Amino acid sequence: MNSSWMVTSPKEHELGTQFAEAICAHNRTQEECVQALALLPDQCRTAAWDRAFAQREDEITNNVLAQAAYSINEIKKWNHGKGAVLTPDILAEDMVRMSLIEWISIHCSFEKDEIMRFACGIMQDSMEAAEDLRDLIRSVAWYDPCVGGGAYPLAVAEVYRKLGILEYPKICGCDVNPLYVEATIQRLALYYGKDAEPFYRSRIICRDALSDRQDRRMAADMPGQREAYDIVIGNPPYVRAESVEAGKKKDYLQNYPEAGGKNADLYVYFIAHGLRMLKKDGVLTFVTPAQFQSSSYGGAIRRVIQNQGNLCAIADFNELPVFKNIGIHTSVYTIAKNKNRKEFLRYEYDTLPQKHPLALLYSKGMWLTQENASEQGWIFSSSGARSILNFLERRGIPLKEYSGGVFSGIKTGCKKAFFMTESDLEGFDSYDYGYCKRMIVPKKIKKWRSAWDGDYLALIKKDEKLDERSKIYFHMAAYQKDLQARTDIEGHKTWYGLRPCAYYDLFFLPKIIFPDISVECRFSMDRDSLIIPDGAFFIPGEDYYLLGILNSCIGRYYFKQKCARIGNPMKGGRIRFKKVYVETFPVMRKEEDLLTAREINVLAKRAVDRGGMSDQEKRELDRLALKMYQIPAYMKNTIQEELDAV
């Protein structure tokens with residue numbers, strides 16, 4: 001990881017961890033730990049600390065307090081399942097600058113380039129209106145709904161100092177964890193002096209931002225205001241929908257029905273909350289997983305964003321290590337709560353920059369129209385992508401209507417018990433073999449045709465009883481504890497059966513199979529009755545025309561635009577072939593052009609029989625697919641250019 005992206009220096013990490021261990025050794029409750037953390041600055045302020053803080057040395061700063069709070073939570077396991085992750089200063093400060101650039105551009109007539117230079121501290125004193133801009137910034141009311149270790153309040157303070165603004169920033173915030181709240185207050189007190197502590201203690205408070213039905217009580221100097229803030233900024237917790245506590249989820253659903261329902265990840269509720277808390281013409285700047293931008297559950301919050309404002313700028317970090325030990329596709333984005341923007345700026349990163357990471361966004365980013373950030377999905381490949389997708393969807397019918405749907409592979413809940421190889425079957429007799437079905441795992445699914453590679457799945461249906469003297473029973477018994485721990489077998493008569501499945505018979509008929517995650521389209525015809533597990537899907541039927549269309553340039557273009565992404569699919573990343581997107585894939589009815597449909601059918605069947613296509617056959621398939629959909633010439637060029645760029 002780039003050293004400038006470290007949250008704390010080695011010395012800060014070591015010292016913060018030592019403080020945490022000492023506090024945990026003498027304090028048992030969370031309240032006691034908070035009190036001890038509050039005393040830490042006075043107890044530890046040696047001359048060296050004072051000098052380090054005053055000179056802003058890199059070796060040791062008030063980041064120690066954030067590390068101490070984080071380590072206490074780790075030791076006490078209070079972080080578990082909360083999605084807590086500390087934000088690097090380099091990112092937090094540039095997100096502050098990004099927020100100011102977008103907010104100032106709404107509230108004054110300066111050129112974006114001038115505002116950017118001012119926000120980054122470049123040539124600011126030579127600007128005629130530099131002091132006017134400082135006055136404008138002094139008026140900004142900030143809000144961080146999940147302060148964590150205080151990265152954003154401290155980043156606002158640091159950016160203000162670098163811009164020559166010495167007054168306390170008007171920043172409010174909250175967090176469910178009192179240790180993080182205390183760490184943030186103490187860090188601000190160390191930064192500005194002890195007089196700042198009472199000022200911020202009334203503004204940085206302990207509460208769940210999403211649970212308060214009033215939802216507007218945060219600004220101490222603006223009580224009762226419905227929309228209190230100019231800028232909302234933060235790094236919301238990364239918690240999957242299924243991991244949110246049931247009671248809290250019910251509360252959040254009541255408070256934020258617009259966020260997308262029970263399948264929405266926690267950070268999505270924070271986006272809805274942040275937009276509610278903004279004044280008109282305010283801006284929201286968050287760093288979150290990018291999945292909501294294209295996923296099915298993200299449709300609701302994309303609609304909220306589209307209805308309430310415009311996307312201003314988005315920095316896509318793919319799977320770069322923005323956060324230590326967190327492997328997610330991350331993006332930083334700013335949304336303006338107005339409808340005045342016709343375009344937004346986007347930049348995609350291949351490496352983490354050494355300094356001012358978001359400066360690249362403004363100097364090298366690509367402008368896209370707001371149509372590319374619609375409820376249907378955020379599309380970044382070209383400004384014409386939305387019109388092409390709309391054209392395809394008007395021409396065809398959804399695959400679900402065409403074929404009857406897409407079906408998931410078998411979910412076992414314990415792969416090590418149900419997945420077997422030839423060596424696991426040693427000593428099995430005909431009774432045991434009766435349960436062992438040939439299986440192909442997702443990573444072994446190849447385009448056009450997939451060969452069985454010796455894997456089996458133990459197909460033991462719900463409540464089906466095994467002979468307790470059989471070899472397969474003894475095999476399953478080795479994993480009895482894990483099998484009994486599965487949450488989806490409640491009420492079953494046996495501990496080793498699979499969860500119910502209404503379509504077992506379809507696995508043994510011809511079908512099109514494909515993996516959930518892949519760099520490219522890998523739709524494959526299975527004529528060998530192979531079982532597929534979770535992580536793969538299938539479409540019933542021996543339809544070579546459909547197979548050809550799915551693997552053609554039409555399928556490749558459609559799925560690269562529509563599907564959720566892991567990294568950049570245009571640069572070797574992977575895409576998620578989720579059921580919801582495959583089922584909505586527009587299929588042209590064969591009767592629209594029977595001759596072309598037959599030619600596609602012949603080409604695809606030949607590819608299945610041979611196990612692949614020649615380059616000439618691939619070009620011919622693409623030509624036929626474009627003809628089948630009657631794609632206009634200008635759209636053909638766009639599709640081809642983007643696919644050639646892969």
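Coordinates for the structure precede this section.
Residues numbered from 1 in each chain as written. Predicted model: local features only at pLDDT ≥ 70, side-chain atom pairs only at ≥ 80, totals over all residues. Heavy atoms only, no water.

> How should I be thinking about the sheet that holds strand 13 (residues 407-408) in this particular structure?
Consider a sheet: its strands pair through backbone hydrogen bonds, and that pairing is either parallel or antiparallel. Read from one edge to the other, the open sheet built from five strands follows the order 13-21-18-20-16, with strand pairing classed as mixed. Here the strands that pair on one side only, and so sit at the sheet edges, are strand 13 and strand 16 (448-449). In terms of strand pairing, strand 16 meets strand 20 (residues 524-526) through two bridges, oriented parallel. Following the sheet pairing, Trp448 is matched in strand 20 by Ser524. (Pairing = 2+ DSSP bridges. Helix = DSSP H or I, 4+ residues; strand = E, 2+ residues; numbered from the N terminus.)

> What am I meant to see in the pattern of salt bridges here?
A side chain of one charge can pair with a side chain of the opposite charge when the charged atoms of the two come close. Counted according to the given criterion, the structure contains 39 salt bridges. Notably, a salt bridge pairs Arg97 with Asp94, separated by 2.8 Å at the nearest N-O pair. Taken as a pair, Arg97 and Asp94 lie in helix 5 (residues 89-107) at a separation of three residues, close to a single helical turn. For Arg97, a relative accessible area of 5% corresponds to the buried category. Assessed through its relative accessible area of 3%, Asp94 is described here as buried. The partner of Glu401 in a salt bridge is Arg589, and the shortest N-O contact between them spans 3.5 Å. Here Glu401, found in helix 16 (residues 399-403), pairs with Arg589, found in the loop between strand 24 (586-587) and helix 24 (594-610); they are 188 residues apart in sequence, far enough to count as distant. Accessibility expressed as a relative area gives 34% for Arg589, which makes it partly exposed. Each of the salt bridges in this network shares a partner with another, and the network as a whole consists of Glu93, Asp94, Arg97, Glu158, Arg161 and Lys162. (Salt bridge = Lys/Arg side-chain N within 4 Å of Asp/Glu carboxyl O. Buried < 20%, exposed > 50% of the residue type's maximum accessible area, 1.4 Å probe, protein only.)

> I would appreciate a short explanation of the environment of Asp89 in the present structure.
On the secondary structure map, Asp89 appears in helix 5. Overall, Asp89 belongs to the partly exposed group, its relative accessible area being 27%. On a C-alpha basis, the gap between Asp89 and Ala151 in space is 6.5 Å, while along the polypeptide they are 62 residues apart. A polar contact is formed between the side chain of Asp89 and the side chain of Asn63, at a distance of 3.0 Å. (Polar contact = N/O pair within 3.5 Å; in protein donor to acceptor, adjacent residues only side chain to side chain.)

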